[in-house]
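Structure at a glance
Residue strings, one per chain:
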Amino acid sequence: MNFLTEHGIDAYPDLESRVAEISAASEEAAAALKTLERRLGEMAVLIKNVTTYKQTRPVAMEYRRTADKSRFRQEHESALILYEAAGCALRESGVTKLPDLAALKAEYARLSEEKERLYAKYGEVKKELKEYGIIKQNVDGILRMTPRQQERKQEL
């Protein structure tokens, strides 16, 4: 009862609406986190491909200039394979001009900070939802309302 009065909940519908609000906020925070994590994953792959491409590009340029291509390829096969794979991945992702690696890393860091902030908010909302869920169960127990009785009450 103290919890209800401290939070200004005077009626059962107020409690139900508060639980619904918190649940919606929890779902919204989870969706935002999923979107942000997906973007971070895409950026991590892009950063990896750009880095690999830039690191192996000198070997590929030397390969193009060399006269004995088969011998050069045998000696530098791993670097050439990495270069070709990174180039292919960049083309498939629609990159026509190499993005600035420093800018990508800065954006990645900014998004990582935002992710940490969203995780903290999500944790708070989940904790509050759990707390209100327990209170609602206790109130339902006090009122001796089973879920079936609640459905009947809502139908009337």
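Owing to the predicted nature of the structure, the values given are computational and were not obtained by experimental measurement. (Residues numbered from 1 in each chain as written. Predicted model: local features only at pLDDT ≥ 70, side-chain atom pairs only at ≥ 80, totals over all residues. Heavy atoms only, no water.)

A look at the packing of aromatic side chains
Two measures describe an aromatic ring pair: the distance that separates the ring centres and the angle between the ring planes. Per the stated rule, a full pass over the model turns up two aromatic pairs. Pairing tyrosine 53 with tyrosine 83 gives two aromatic rings, centres 4.8 Å apart and planes at 20°, and the pair type is stacked. Taken together, the residues span a long stretch of sequence, with tyrosine 53 in helix H2 (residues 12–65) and tyrosine 83 in helix H4 (residues 77–92) at a distance of 30 residues. Tyrosine 53 sits in the buried class, given a relative accessible area of 16%. We classify tyrosine 83 as buried; its relative accessible area is 9%. A cation over an aromatic ring shows up here: lysine 69 above the ring of tyrosine 63, its NZ or CZ 5.1 Å from the ring centre. Between arginine 73 and the ring centre of tyrosine 63, over which it is positioned, the NZ or CZ distance is 5.8 Å. (Phe/Tyr/Trp six-rings, centres within 6.5 Å; stacked < 30°, edge-to-face > 60°. Helix = DSSP H or I, 4+ residues; strand = E, 2+ residues; numbered from the N terminus. Buried < 20%, exposed > 50% of the residue type's maximum accessible area, 1.4 Å probe, protein only. Lys NZ or Arg CZ within 6 Å of the ring centre and 35° of its normal.)

Considering the confidence of the model for the protein
Overall, the prediction assigns the protein a mean pLDDT of 88, with 92% of residues at 70 or greater. For the protein, per-element mean pLDDT is lowest for helix H6 (residues 147–155), which scores 59, and highest for H4, which scores 94. (pLDDT = per-residue confidence, 0-100.)

Looking at the environment of isoleucine 135
Note on placement: isoleucine 135 falls in helix H5 (residues 101–143). Residues isoleucine 135 and phenylalanine 3, spaced 132 residues apart in sequence, show a C-alpha to C-alpha distance of 8.0 Å.

Points about the side chain of threonine 52
Note that threonine 52 resides in helix H2. What makes threonine 52 buried here is its relative accessible area of 18%. Reaching out from threonine 52, the side chain makes a polar contact with the backbone oxygen of lysine 48 at a distance of 2.9 Å. Residues in contact with threonine 52, not counting those within four places in the same chain, are Leu82 and Ala86. (Polar contact = N/O pair within 3.5 Å; in protein donor to acceptor, adjacent residues only side chain to side chain. Contact = heavy atoms within 4.5 Å.)

Side note on the pattern of salt bridges
The tally for this structure, following the rule as stated, stands at seven salt bridges. A salt bridge links aspartate 140 to lysine 136; its shortest N-O distance comes to 3.3 Å. With a gap of four residues between them, aspartate 140 and lysine 136 both fall in helix H5, about one helical turn apart. Neither residue differs from the other here; aspartate 140 and lysine 136 are each classed as buried. Each of Arg18, Glu21 and Glu128 takes part in salt bridges that share partners, so that together they form one network. (Salt bridge = Lys/Arg side-chain N within 4 Å of Asp/Glu carboxyl O.)

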